[in-house]
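Take a look at the letters that make up each chain.
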Amino acid sequence: MTLAHPAYAQVREVTPIVSVMLENNPGMMTLDGTNTWILRAPGRDECVVVDPGDADEEHLARVAALGPVALTLITHRHFDHTGGVQRFFELTGAPVRSVDPEFLRGGGDALVDGETIDVAGLTLTVIATPGHTKDSVSFTVEGEGTVLTGDTILGRGTTVLDDTDGDLGDYLSSLRRLLDLGSGHRVMPGHGPELPELNVVAQQYLDHREERLDQVRAAIGELGGTPTVREVVEHVYSDVDPKLWPVAEKSVNVQLAYLRSLD
């Protein structure tokens with residue numbers, strides 16, 4: 001089978017500690033695919049895996065073969081990051097930790113905001129970054145200035161907020177929290193390429209969200225009455241391919257809920 005992207009099935013070193021394997025699951029929401037991150041301290045055999053991906057046996061087996069895996073971490077609950085959790089646990093025996101207890105395996109505890117994880121010669125810090133989903137977290141790697149952001153910040157484009165449990169107020173706070181980490185941090189996202197200068201990207205994300213909110217407010221005023229979500233989407237996203245409107249509706253739902261909370 002010919003692979004659709006040259007990076008599939010390849011391990012790419014990004015820093016002396018951080019490598020990535022791109023899963024072959026491209027799509028509207030996953031961009032080129034899900035980034036599975038492999039963290040390994042220099043000179044150590046064991047590694048930490050962040051987001052094993054969905055139920056793709058070939059991908060999971062390739063990642064497991066990079067072990068031994070000391071710990072698996074989950075950035076958030078979406079299937080493209082967690083669908084393979086059970087199978088990956090079977091392949092590696094490594095405990096799995098996440099915010100959502102559904103994904104805990106092997107005695108792994110729920111992740112706690114601000115906690116420090118010392119494992120396999122690495123020191124990681126958990127940063128709660130809800131908004132995309134309620135359970136979203138990011139991880140910093142001590143000594144490297146790298147931050148694994150899951151879907152809170154992507155390598156390309158902007159993040160869709162899940163209207164099931166996403167929250168714009170939380171998301172804005174999460175972006176400000178990442179911004180406050182200061183300069184010198186690189187972004188290792190859940191999808192798309194890594195990015196330099198987290199604080200610059202976080203500010204761009206904040207500016208984009210404020211601009212969208214202004215557009216939604218203006219649309220409500222121009223449409224009058226109580227417009228439907230689709231009417232707001234058609235007004236604000238008129239320059240976007242209509243195939244993407246159902247995705248835009250999710251973010252608009254969250255934006256409207258946020259604006260109502262301000263009343």
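Going by the structure above, here's the rest.
Residues numbered from 1 in each chain as written. Predicted model: local features only at pLDDT ≥ 70, side-chain atom pairs only at ≥ 80, totals over all residues. Heavy atoms only, no water.

A. Up close: the overall build of the chain. Across its full length, the chain holds seven helices and 11 strands. Its C-alpha atoms give the chain a radius of gyration of 19 Å, within 12% of the compact-globule value 18 Å for 263 residues. The buried share of the chain, taken over its 263 residues, is 52%. In the form shown here, the chain has an accessible surface area of approximately 11,500 Å², with 50% of it arising from carbon and sulfur atoms. For the chain, the distance from the average site of its 20 positive side-chain charges to the average site of its 41 negative ones is 1 Å. (Helix = DSSP H or I, 4+ residues; strand = E, 2+ residues; numbered from the N terminus. Rg over C-alpha atoms; globule rule 2.2 N^0.38 Å. Buried < 20%, exposed > 50% of the residue type's maximum accessible area, 1.4 Å probe, protein only. Areas by Shrake-Rupley, 256 points an atom, 1.4 Å probe, with all protein chains shown as cover. Lys, Arg positive; Asp, Glu negative; His and termini not counted. Charge placed at Lys NZ, Arg CZ, Asp CG, Glu CD.)

B. The sheet that holds strand β5 (residues 69-73), seen in detail. The strand order across the open sheet built from six strands is β1-β2-β3-β4-β5-β6, with neighbouring strands paired in mixed fashion. Each edge of the open sheet carries a strand with a single partner, namely β1 (11-13) and β6 (96-97). By the bridge criterion, three bridges tie strand β3 (residues 35-39) to strand β4 (residues 47-50) in an arrangement that is antiparallel. Across the sheet, residue I38 finds its bridge partner in β4, namely V49. Strand contacts of helix α1 (residues 57-64): β2 (18-22), β3 and β4, with the helix running at about 160 degrees to β2, the strand carrying the most contacts. Against the sheet, helix α3 (residues 85-92) engages β4, β5 and β6, with an angle of about 170 degrees to β5. (Pairing = 2+ DSSP bridges. Contact = heavy atoms within 4.5 Å. Axes fitted to C-alpha atoms, helices over the stretch in contact; angles between N-to-C directions.)

C. Quick peek at a nonpolar patch on the surface. Nonpolar side chains collect at one region of the surface, where M28, M29 and L244 lie side by side and expose about 280 Å² of accessible area between them. For L244, a relative accessible area of 35% gives the class partly exposed. (Patch = residues over 30% accessible without salt bridge, like charges linked within 9 Å, V, L, I, M, F, W, Y side chains within 5 Å. Salt bridge = Lys/Arg side-chain N within 4 Å of Asp/Glu carboxyl O.)

D. Fine view of the pattern of salt bridges. As enumerated under the stated definition, the model contains 12 salt bridges in all. A salt bridge links E115 to R97; its shortest N-O distance comes to 2.8 Å. Here E115, found in the loop between β6 and β7 (116-119), pairs with R97, found in strand β6; they are 18 residues apart in sequence, far enough to count as distant. By relative accessible area, which is 18% here, E115 ends up buried.

E. Here's a closer look at the environment of A128. Along the polypeptide, A128 turns up in strand β8 (residues 122-128). A relative accessible area of 23% means that A128 is categorised as partly exposed. Separated by 15 residues in the primary sequence, A128 and D113 place their C-alpha atoms 5.1 Å from one another. Those residues within four positions of A128 in sequence are excluded, and the remaining contacts are D113, S136, V137, S174 and R177.

F. The arrangement of the pairing of strand β9 (residues 137-141) in detail. Counting buried residues in β9 gives five out of five residues, a clear majority hidden from the surface. Side chains V137, F139 and V141 project from β9 onto one buried face, and the interleaved S138 and T140 project onto a second face that is buried too. Relative to β9, β8 runs antiparallel, the two sharing five bridges. Bridging from a neighbouring strand, I127 pairs with S138 of β9. Inspection of the sheet shows β9 paired to strand β10 (residues 146-150) by three bridges, in the antiparallel sense. Residue T140 lies in a different strand from β10, and its bridge partner there is V147. Counting the residues in the hairpin turn of β9 and β10 gives four residues, including G143, whose phi is positive at 90 degrees.

G. Quick peek at the sheet that holds β9. The strand order across the open sheet built from five strands is β7-β8-β9-β10-β11, with neighbouring strands paired in mixed fashion. Across the chains shown, the open sheet's two edge strands, defined by having one partner strand only, are β7 and β11 (186-189). Between one strand axis and the next, the sheet turns by 25 degrees as a mean value, whatever way the strands run.

The quantities given are spatial measurements derived from coordinates; they are silent on function.
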